[in-house]
Amino acid sequence: MPLFGAHMSIAGGYHNALLQAQALRCDCVQLFTHAPNQWNGRELNEEEIRLFRRTLRQTRLRQPMAHDCYLTNLASPDETLYRRSLETLLIELQRAERLGLRYLVMHPGAHLDSGEEAGLARVAAALDEIHSRLPTCKVRVLLETTAGQGSTLGYRFEQLARILSRVSQANRLGVCFDTCHVFAAGYALAPAAEYEATMRAFDRVIGLRRLRVFHVNDSRKPQGSRVDRHAHIGRGEMGLEPFRLLVNDPRFRQRPMILETPKEEGEQNDMDAVNLATLRGLLQAQ
């Protein structure tokens with residue numbers, strides 16, 4: 001069966017994200033290495049790193065991961081923003097490594113009307129530089145599929161494939177498949193024949209071996225809208241069928257499936273529990 005988990009808050013300490021995940025019987029977890037709407041986070045100290053790693057061992061959560069800062073844009077034609085984004089991602093990788101995480105999920109960025117090919121080239125060049133500056137880093141960057149709002153890159157599988165083809169050490173990269181984003185970008189995830197057609201397209205263009213993580217989110221907006229608005233599982237435009245097909249797909253056993261569904265104030269764990277129960281309820285005997 002898949003590894004079910006959710007994005008958890010680091011408020012009160014990084015280890016609290018792990019304890020929240022454990023309380024919900026999660027198999028895996030995602031967190032931020034610092035506040036997502038700030039360029040810089042305070043320096044990690046050795047005590048909180050030890051506490052996090054000890055808690056990670058105790059909770060037995062598998063394949064822990066982080067999501068990158070929302071401000072970074074490696075596709076930007078503005079040199080100042082590009083360099084700041086590159087340096088921020090590099091620091092986030094170092095933080096993830098110190099915490100003992102496996103993956104860092106990142107959005108490719110937006111080309112801001114400078115052209116798709118130019119934007120893709122900038123993303124690849126940034127990843128090459130980061131790999132060269134962090135030659136021994138074990139954390140793997142995962143390029144996330146996007147909904148395609150504005151000039152955002154990554155909403156077509158071919159765009160991610162072009163980044164991967166240009167990066168010298170592409171073996172250090174993978175892909176995160178966000179169900180809401182893929183649906184909003186125009187790919188069908190139900191019924192079964194359409195779901196399989198989308199997965200075949202992904203395999204042909206990128207390769208399922210590169211698909212390391214799923215973000216499991218319903219969509220508030222219709223298929224092909226290219227608008228990124230997450231909804232609770234089965235309560236959006238996608239309905240339950242895509243998730244039933246996904247969680248029962250034998251190709252994705254042991255793949256992390258992380259919730260990024262809305263967290264209304266005061267009921268974070270309540271809705272995470274509801275969404276996790278919905279996903280588990282869709283599992284069939286395997």
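Residues numbered from 1 in each chain as written. Predicted model: local features only at pLDDT ≥ 70, side-chain atom pairs only at ≥ 80, totals over all residues. Heavy atoms only, no water.

Q: What's the story with the overall build of the protein chain in this structure? I'm lost.
A: Along the backbone of the protein chain there are nine helices and ten strands. For 286 residues, the compact-globule estimate of 2.2 N^0.38 gives 19 Å, and the protein chain sits close to it at 18 Å. Looking at the 286 residues of the protein chain, the share that counts as buried comes to 56%. Nonlocal contacts in the protein chain, meaning residues at least 24 apart in sequence, comprise 77% of its contacts between residues at least 6 apart. Accessible surface computed for the protein chain: about 12100 Å², of which carbon and sulfur atoms make up 47%. (Helix = DSSP H or I, 4+ residues; strand = E, 2+ residues; numbered from the N terminus. Rg over C-alpha atoms; globule rule 2.2 N^0.38 Å. Buried < 20%, exposed > 50% of the residue type's maximum accessible area, 1.4 Å probe, protein only. Contact = heavy atoms within 4.5 Å. Areas by Shrake-Rupley, 256 points an atom, 1.4 Å probe, with all protein chains shown as cover.)

Q: So what exactly am I meant to see when it comes to the pattern of salt bridges here?
A: Side chains bearing opposite charge may pair, as long as their charged atoms lie close to each other. This model, assessed by the stated rule, comprises 14 salt bridges. Close ionic contact of Glu 43 with Arg 98 constitutes a salt bridge, the shortest N to O distance being 3.2 Å. Linking Glu 43 in the loop between β2 (28-32) and α2 (46-59) with Arg 98 in helix α3 (residues 79-99), this pair joins segments that are 55 residues apart in sequence. The class of Arg 98 is partly exposed, set by a relative accessible area of 28%. Note that Arg 251 is salt-bridged to Asp 249, the shortest N-O span being 2.7 Å. Overall, Arg 251 belongs to the partly exposed group, its relative accessible area being 33%. Each of Arg 83, Glu 87, Glu 129 and Arg 133 takes part in one network of salt bridges that share partners. (Salt bridge = Lys/Arg side-chain N within 4 Å of Asp/Glu carboxyl O.)

Q: Help me understand the sheet that holds strand β6 (residues 173-178), please; the structure alone is not making it clear to me.
A: Strand pairing within a sheet occurs via backbone hydrogen bonds; the two strands may be parallel or antiparallel. Judged by pairing direction, the barrel is parallel, and its eight strands sit side by side in the order β1-β2-β3-β4-β5-β6-β7-β10 before closing back on the first. On average, adjacent strands in this sheet sit at an angle of 30° to one another, irrespective of strand direction. One ladder, built from four bridges, connects strand β5 (residues 140-144) with β6; its direction is parallel. Across the sheet, residue Leu 142 finds its bridge partner in β6, namely Gly 174. (Pairing = 2+ DSSP bridges. Axes fitted to C-alpha atoms, helices over the stretch in contact; angles between N-to-C directions.)

Q: Could you clarify how one ought to interpret the packing of helix α4 (residues 116-133) against helix α5 (residues 157-166) in this entry?
A: Helix-helix packing: each pair is described by the crossing angle between the helix axes and the interaxial distance. Between α4 and α5, the least distance of the axes is 9 Å, while the angle of their chain directions is 45°. Judged on the interaxial angle alone, α5 and α4 are oblique. Relative to α5, α4 is oriented so that their crossing is right-handed. For the pair α4 and α5, contact is made by Glu 116, Glu 117, Leu 120, Ala 121, Val 123, Ala 124, Leu 127 and Asp 128 and by Gln 159, Arg 162, Ile 163 and Arg 166, respectively. (Parallel < 35°, antiparallel > 145°, perpendicular 65-115°, else oblique. Left-handed = near helix turned anticlockwise from the far one by under 90°.)

Q: For this particular structure, what's the right way to read the packing of α5 against helix α7 (residues 192-205)?
A: Running from N to C, α5 and α7 point in directions that differ by 20°, and their axes come no closer than 9 Å. Classified by the interaxial angle, the pair formed by α5 and α7 is roughly parallel. Along this stretch, α5 crosses α7, giving a crossing that reads as right-handed. The residues of α7 that touch α5, namely those facing Phe 157, Glu 158 and Ala 161, are Thr 198, Ala 201, Phe 202 and Val 205. A breakdown of the residues in the contact of α5 with α7 according to their chemical character gives five nonpolar, one polar and one charged. (Nonpolar A, V, L, I, M, F, W, Y, C, P; charged D, E, K, R; others polar.)

Q: What should I look at first to understand the state of the cysteines in this one?
A: Two cysteines, two sulfur atoms, one covalent bond between them: this is a disulfide. One pass over the full model with this rule turns up zero disulfides. Cys 26 takes part in no disulfide bond, and the closest cysteine sulfur to it belongs to Cys 28, at a distance of 6.9 Å. Take Cys 137: it sits in no disulfide, and the sulfur closest to it among the cysteines is that of Cys 69, at 17 Å. (Disulfide = S-S within 2.5 Å.)

Q: Mind showing me how you'd approach empty space enclosed by the protein here?
A: Gaps left between atoms show up when a probe the size of a water molecule is rolled over them. Under the definition given, this model contains three cavities of 30 Å³ or more. If you add up the space inside the largest cavity, you get close to 40 Å³. Lining the largest cavity are Phe 177, Thr 179, Leu 189, Tyr 195, Met 199, Met 238, Pro 242, Phe 243 and Leu 246. Among the secondary structure elements, those contributing two or more residues to the lining of the largest cavity are α7 and α8 (241-247). Among the elements that make up the lining of the largest cavity, the one with the highest residue count is α8 (three residues). For the lining of the largest cavity, the residue count by class is eight nonpolar, one polar and no charged. (1 Å grid on protein atoms, 1.4 Å probe; cavity = no way out; pocket = protein on both sides within 12 Å on 5 of 7 lines; lining within 4 Å. Points joined across faces, edges and corners; volume = space filled by probe spheres on them.)

Q: Got a minute to help me understand helix α1 (residues 14-23) in this structure?
A: In an α-helix, one turn spans 3.6 residues, which is why side chains three or four residues apart end up on the same side. For α1, the set of buried residues is Tyr 14, His 15, Ala 17, Leu 18, Gln 20 and Ala 21. The first or second residue beyond α1 is Arg 25, which carries a positive phi of 60°.

Q: I'm lost on the pairing of β5 in this one. Help?
A: A regular strand places its side chains on the two faces of the sheet in alternate fashion. Counted residue by residue, β5 has four buried out of five residues, so it is predominantly covered. Sheet topology places strand β4 (residues 103-106) next to β5; four bridges connect them, and they run parallel. Opposite Met 106, over in β5, you have Leu 143 as the bridge partner. The parallel pair β4 and β5 is bridged by α4, and the resulting crossover is right-handed. What joins β5 to β6 is α5, and the crossover it makes is right-handed. (Right-handed = clockwise from strand over helix to strand, strands pointing away.)

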